[in-house]
Amino acid sequence: MILPVGLKALLKGFGINKLTDNVPFPSANCEKCTVIIGKVGAAFVGDIVLALEQTSCKNIILLGACGILEETPVLRFGSLVVPSLSYDLESFSIMLGGPLDNVPNFTKASTAMFKAFTAAHPQIPEVKCATVGSILLENRYLQFFKKHKIETVDMECSAFFNAGRKTKKNIIALFFVTDIVGKANGYILWNEEQKKLISQACVNAVNLVKNFTY
């Protein structure tokens, strides 16, 4: 299990009271999994997966935050989503150049593991994701995202999927919605209602992961 952000609600859900002093990524062994605390960003999460290549680890879940393009009855602040694929827009410089002429590459979650998870949790919406290199620049891409039916954005997923394929690990991602592109981005402090929604989303996500076996 990789957590790009060590939110207290996530750590509490996994029963983690103390982390190792491993540098740069502290971790903890839980009842059903090992939790590794990463950092926000594609390179950090990708490096964790690469570092696990020669270990006995077979299955990896990325549990983190994402933004949505627009609110719907099933996609809203605090919702849980599971991306089937993620487009590669990790580069800040590429995003700075402006809207793309061509569709970027994308990588999928591991097919069998993804099917097993979605079959066990059909209430969680499946989404297409784009992994971006800038929170501020993503606003320029609203029409591009909508044109290609991209519903969520994050900062790690495509690197995670690509590293998983490279290392031949089984990988899926589970995200909770913490912002809305063009309305409430990751630099804006959450209000009390939003904090409660995110805290509950963390609890729900941890419970799903703890009950999922593959």
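It should be emphasised that the depicted structure is a prediction, and the values quoted were computed from it without experimental measurement. Position labels on residues start from 1 in each chain and follow its written sequence. In view of the model being predicted, local features appear only for residues whose pLDDT reaches at least 70, and side-chain atom pairs are presented and counted only at 80 or more, with totals across whole chains, interfaces and linings using the full set of residues. As a rule here, side-chain values come from all non-hydrogen atoms in the structure, and water together with hydrogens is ignored.

Here we come to the overall build of the chain. Each helix corresponds to a stretch of at least 4 residues labelled H or I by DSSP, and each strand to a stretch of at least 2 residues labelled E; elements are numbered beginning at the N terminus. Across its full length, the chain carries seven helices and nine strands. Throughout, the radius of gyration refers to the C-alpha atoms, and the reference size of a globule is 2.2 Å times the residue count to the power 0.38. For 214 residues, the compact-globule formula gives about 17 Å, and the C-alpha radius of gyration of the chain, at 16 Å, lands near that figure. Viewed in the frame of its principal axes, the chain has a C-alpha envelope of about 45 × 40 × 35 Å. For every residue, the accessible area obtained with a 1.4 Å probe (protein chains only) is divided by the maximum for its type, and the residue is called buried under 20%, exposed over 50%, and partly exposed between those limits. The buried share of the chain, taken over its 214 residues, is 50%. Within the chain, counting contacts between residues at least 6 apart in sequence, those at least 24 apart form 75% of the total. The Shrake-Rupley method, run with a 1.4 Å probe, gives the accessible areas here. Residue values count only the displayed protein chains as cover. By element, 52% of the accessible surface of the chain is carried by carbon and sulfur atoms, the whole surface being about 11000 Å². Computing the positive centroid from 22 side-chain charges and the negative centroid from 17, the chain places the two 5 Å apart. Note on definitions: a residue-residue contact is assigned when non-hydrogen atoms from the two residues lie within 4.5 Å. We treat Lys and Arg as the positive residues and Asp and Glu as the negative residues; His and chain ends play no part in the count. We put the charge of a Lys on NZ, of an Arg on CZ, of an Asp on CG and of a Glu on CD.

Turning our attention to the side chain of Ser-86. Along the polypeptide, Ser-86 turns up in strand 5 (residues 80-89). You can call Ser-86 buried: its relative accessible area is 0%. N or O atoms closer than or at 3.5 Å make up a polar contact, with two conditions inside protein: a donor-capable atom paired with an acceptor-capable one, and, for residues adjacent in sequence, both atoms drawn from side chains. For Ser-86, the side chain forms a polar contact with the side chain of Thr-131, separated by 2.8 Å. Discounting chain neighbours no more than four positions away, the residues touching Ser-86 are Asn-105, Phe-106, Thr-107, Cys-129, Ala-130, Thr-131, Asp-154, Cys-157, Ser-158 and Phe-161.

Right, let's get into helix 7 (residues 192-211). Working rule for helices: expected span equals 1.5 Å times residues minus one. For helix 7, spanning 20 residues, the distance from its first C-alpha to its last is 29 Å, which sits close to the expected 28 Å at 1.5 Å a residue. Along helix 7, the positions that sit buried rather than exposed are Gln-194, Ile-198, Ala-201, Cys-202, Ala-205, Val-206, Leu-208 and Val-209. Taken down its axis, helix 7 places every buried residue within 160° of arc, on the same side. Exposed side chains of helix 7 directed beyond 90 degrees from the buried face belong to Glu-192, Glu-193, Lys-196 and Asn-211. Residues of helix 7 that are buried in the fold lie against helix 1 (8-13), strand 4 (59-68), strand 5 and strand 9 (170-180). Regarding the arc, it is the one traced by the directions from the helix axis to the C-beta atoms.

This part covers helix 2 (residues 42-51). Among all positions in helix 2, only Ala-42, Val-45, Gly-46, Ile-48 and Val-49 are buried. Buried residues of helix 2, viewed axially, fall in a sector of 155°; they line one side. Seen from the buried face of helix 2, the exposed residues on the opposite side, beyond 90 degrees, are Ala-43 and Ala-51. On its buried face, helix 2 sits against strand 1 (2-3), strand 3 (34-37), strand 4 and helix 6 (157-167).

This part takes up the pairing of strand 9. Of all 11 residues that make up strand 9, 10 are buried, and the element is covered over most of its length. As paired strands, strand 4 and strand 9 are joined by 10 bridges and run parallel to one another. Residue Leu-62 lies in a different strand from strand 9, and its bridge partner there is Ala-173. At least two DSSP bridges between two strands are required for those strands to pair. Here two bridges tie strand 5 to strand 9, and the two strands are oriented antiparallel to one another. Note that in strand 9 the partner of Val-81 across the bridge is Phe-175.

Moving on, we come to the environment of Pro-125. Inspection of the secondary structure assignment puts Pro-125 in the loop between helix 4 (111-120) and strand 7 (126-132). Between the alpha carbons of Pro-125 and Leu-80 there is a distance of 7.3 Å; along the sequence they are 45 residues apart. Residues within four places of Pro-125 in sequence aside, it is in contact with Val-74, Leu-75, Leu-80, Val-81 and Val-82.

Rolled over the atoms, a probe as big as a water molecule pinpoints where empty space is left. Of the two site types, the cavity is a set of points on a 1 Å grid over the protein atoms alone where a 1.4 Å probe fits but cannot get out, and the pocket is an open set with protein on both sides within 12 Å along at least five of seven lines, each lined by residues with an atom within 4 Å of a point. Grid points are joined across faces, edges and corners, and a volume is the space filled by probe spheres set on the points. Computed from the structure, the largest pocket encloses a volume of approximately 630 Å³. As for the largest pocket, its lining consists of 26 residues, and the residues nearest its centre are Met-1, Lys-32, Cys-33, Thr-34 and Asn-59. Mapped by element, the contributors of at least two residues to the lining of the largest pocket are strand 3, helix 2, strand 4 and helix 7. By residue class, the composition of the lining of the largest pocket is 17 nonpolar, five polar and four charged. Only Asp, Glu, Lys and Arg are considered charged, only Ala, Val, Leu, Ile, Met, Phe, Trp, Tyr, Cys and Pro nonpolar, and every remaining residue, Gly among them, polar.

Right, let's get into the nonpolar core. Within the largest apolar cluster, 55 residues are counted, with the highest numbers of intra-cluster contacts made by Leu-3, Phe-14, Leu-63 and Phe-160. Among the elements that take part in this core, strand 9 stands out by supplying eight residues, more than any other. Look past the residues within four positions of Phe-160 in its chain and what remains in contact with it is Ile-2, Val-45, Val-49, Ile-60, Ile-61, Leu-62, Ile-171, Ile-172 and Ala-173. In this structure, Leu-85, Leu-137, Ile-150 and Val-153 belong to the second largest nonpolar core, which totals 14 residues. The term nonpolar core refers to a set of buried residues drawn from Ala, Val, Leu, Ile, Met, Phe, Trp, Tyr and Cys, joined through side-chain atoms within 4.5 Å.

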